[in-house]
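Listed below are the residues making up each chain.
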Amino acid sequence: MKSKIFIVFLVTFSIIYLALSSSLAIAKTYYVDNNLGNGLQSGCSDNNNNNGLTLQSPFCTIQKAANSVQAGDTVYIRGGDYNERITISKSGTISNHIAISGYNNENVVIDGQNSIGSPNLFLIKNTAGPVQYIDISKMIIENSVQNGMYVVDGQYITLNNLIIKDNLDVGLNLLSSSTGSTHDVTIKNCYIFRNGNVPTHGDPGLKIGAQEAFNVYNILVENCVIHDNAVGSGHDGDHGDGINPTGNSSNVHDLTFKKVVSFHNGASGIGVRMGKNILVEDSIFFDNNINVDEQKANGNLINQTAQGEGHGIRFAFDPGQNITVLGSISFNNFGPGITLDNMHVGVLYNNLVYGNNGNNGGNRRVGLTAQGEYLSLRNNIAYNNNISGFGKDLDL
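Residues numbered from 1 in each chain as written. Predicted model: local features only at pLDDT ≥ 70, side-chain atom pairs only at ≥ 80, totals over all residues. Heavy atoms only, no water.

Comments concerning the overall build of the chain
Defined as follows: Helix and strand assignments follow DSSP, with helices taken as H or I runs no shorter than four residues and strands as E runs no shorter than two, numbered in order from the N terminus. Exposure categories follow from relative accessible area, calculated using a 1.4 Å probe and restricted to protein chains: below 20% of the type maximum is buried, above 50% is exposed, and the middle band is partly exposed. Contacts are assigned to residue pairs that have any heavy atoms within 4.5 Å of one another. Method for areas: the Shrake-Rupley scheme with a 1.4 Å probe, in which residue coverage is limited to the protein chains shown.
In terms of regular secondary structure, the chain is built from two helices and 31 strands. Within the chain, the fraction of its 396 residues that count as buried is 50%. In the chain, 70% of the contacts between residues at least 6 apart in sequence involve partners at least 24 apart. For the chain, the exposed area adds up to about 17,400 Å²; of that, 51% sits on carbon and sulfur atoms.

If you want it as structure tokens, here you go:
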């Protein structure tokens, strides 16, 4: 009898020990340096004996580190130009994130020129399921032939202190697979500019969701500057916004934009096409829709035709639900400063709208226009807009 009790105790102890050993596994710190920090690719190869665990024995490529990490690990990238395409497919856990960051204040550039592989320069995706609990920070992502950064089925992702620029299509694209979802993504302290300048059309700097109604929700964008996207492109109204959330109210929802500055984009500063539970707060939108064809006679301007919509802030839904704009400024846009089309529950409080041309195909020549039901407007100021401060289609 005693021997049986001992065997049961031993088995139980072994199981507990193995479980604790797994959960208490020591997190590793990896280093990447493509030539001891001087940014040269020549002569650098991962076909060496380096284990990546010290500054003196770093991996050569970021991808090597991305393939090596487990939950709780950290990757530091030394300064330099990295001509490689990167795929993050590993996941952390709620208590042990995977962190990938530039080292100290060194300048890390992920450059799509001369790189091979997927056209997306920095991809967060795993075809077998979601990628979770990843923190990416302190790097420049540029010159992709398609998206700069592409997140598919990413969950509990933090993107901090990134510069995403000069990519041919979308700068930062958040999407999901048809059966998965992207959610709980935080984007903060990022600069997204000069993306989407395709000659035949324009693409936004930041795109959230798609018209195919994939599942993207619980997204926070904070303290970001987004500008000069889709400049000079012959685009239609669905392209060229600084920020472009697109989907439907059941699939793209709970989006928050705080302290965002979006300006000098080819279409609108933010152009939201379908969704619900969306907040824009303490943000600034100006000089949007710069792709304007001008007609002159004897040196005098007689007509302007916009290639895109040119709103500072636009919500266009069928119908939109629970839309809130607080404490924001929209000025000097070619179209209206703020537009709410076909809203169901909309709140506009403490906003300033001025100096907007309000010329959007001749039908919205106003600073602020709102249409729908259960709309609440308080303490807004609209002045010095092309025709009038407020549209005539308010239905309160």
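Thoughts on the packing of aromatic side chains
Convention followed: Any Phe, Tyr or Trp ring, taking Trp's six-membered ring, that has another such ring centre within 6.5 Å forms a pair; planes under 30 degrees apart are called stacked, those over 60 apart edge-to-face, and the others tilted.
One pass over the full model with this rule turns up nine aromatic pairs. For the pair Y354 and Y383, a centre-to-centre distance of 5.4 Å together with 10 degrees between the ring planes defines the contact as stacked. Residue Y354 is found in strand β28 (residues 352-354), and its partner Y383 is found in strand β30 (residues 381-383); the two are separated by 29 residues along the sequence. Of the residues examined, Y354 reaches a relative accessible area of 22% and is grouped as partly exposed. Here the aromatic cluster, defined as three or more aromatic residues joined through ring pairs, consists of F263, F286, F331, Y354 and Y383.

Quick word on the state of the cysteines
Quick note on the threshold: Only a pair of cysteine sulfur atoms within 2.5 Å qualifies as a disulfide here.
One pass over the structure, following the stated rule, counts zero disulfides. Free of any disulfide, C224 has its nearest neighbouring cysteine sulfur in C190, separated by 4.6 Å. On the basis of relative accessibility, which here comes to 1%, the residue C224 falls in the buried class.

Things to note about the pattern of salt bridges
Here is the rule we go by: Salt bridges are counted wherever a side-chain nitrogen of Lys or Arg sits within 4 Å of a carboxyl oxygen of Asp or Glu.
This structure, assessed with the given rule, holds four salt bridges. Here K165 and E142 are joined by a salt bridge, their closest N and O atoms 2.6 Å apart. With K165 in strand β10 (residues 154-165) and E142 in strand β8 (residues 131-142), the pair connects residues that are 23 residues apart, well separated along the chain. E142 shares its class with K165; the two are buried. Linking R194 and D166 is a salt bridge whose minimum nitrogen-to-oxygen distance equals 2.7 Å. Pair noted here: R194 is in the loop between β13 (191-193) and β14 (206-209) and D166 is in the loop between β10 and β11 (172-175), with a separation of 28 residues, a long-range link.

Here's the deal with the side chain of S376
Stated precisely, the cut-off is as follows: Any N or O atom pair separated by 3.5 Å or less is treated as a polar contact, with the protein-specific requirement of one donor-capable and one acceptor-capable atom, and with residues adjacent in sequence counted only for side-chain atom pairs.
By the element assignment, S376 lies in strand β29 (residues 366-378). Among the polar contacts listed, one links the side chain of S376 to the side chain of Y349, at a separation of 2.8 Å.

A few points about unusual backbone geometry
Even without glycine at this site, Y156 takes up a positive phi of about 60 degrees. Even without being a glycine, N350 presents a positive backbone phi close to 60 degrees. Mapping N350 onto the fold places it in the loop between β27 (338-349) and β28. Take N350: its relative accessible area is 46%, and that puts it in the partly exposed class.

Quick notes on the environment of I110
Among the secondary structure elements, I110 is positioned in strand β6 (residues 108-111). Of the residues examined, I110 reaches a relative accessible area of 0% and is grouped as buried. Expressed as a C-alpha distance, the spacing of I110 and I140, which sit 30 residues apart in the sequence, is 5.9 Å. Leave out the neighbours within four places in its chain, and I110 touches I62, Y82, E84, I86, L121, F122, M139, I140, I141 and E142.

Re the pairing of strand β18 (residues 252-258)
Regular strands place their side chains on alternate faces of the sheet. Put simply, the rule reads: Strands are labelled as partners when DSSP assigns at least two bridges between them.
Of the strand pairs in this sheet, strand β15 (residues 216-222) and β18 are connected by six bridges, and their pairing is parallel. By the bridge assignment, I219 is partnered in β18 with L255. Two elements, β18 and strand β21 (residues 276-281), share five bridges in a ladder whose sense is parallel. Residue pairing in the sheet places F257 in a bridge with V280 of β21.

Geometric values such as these leave the question of function open.
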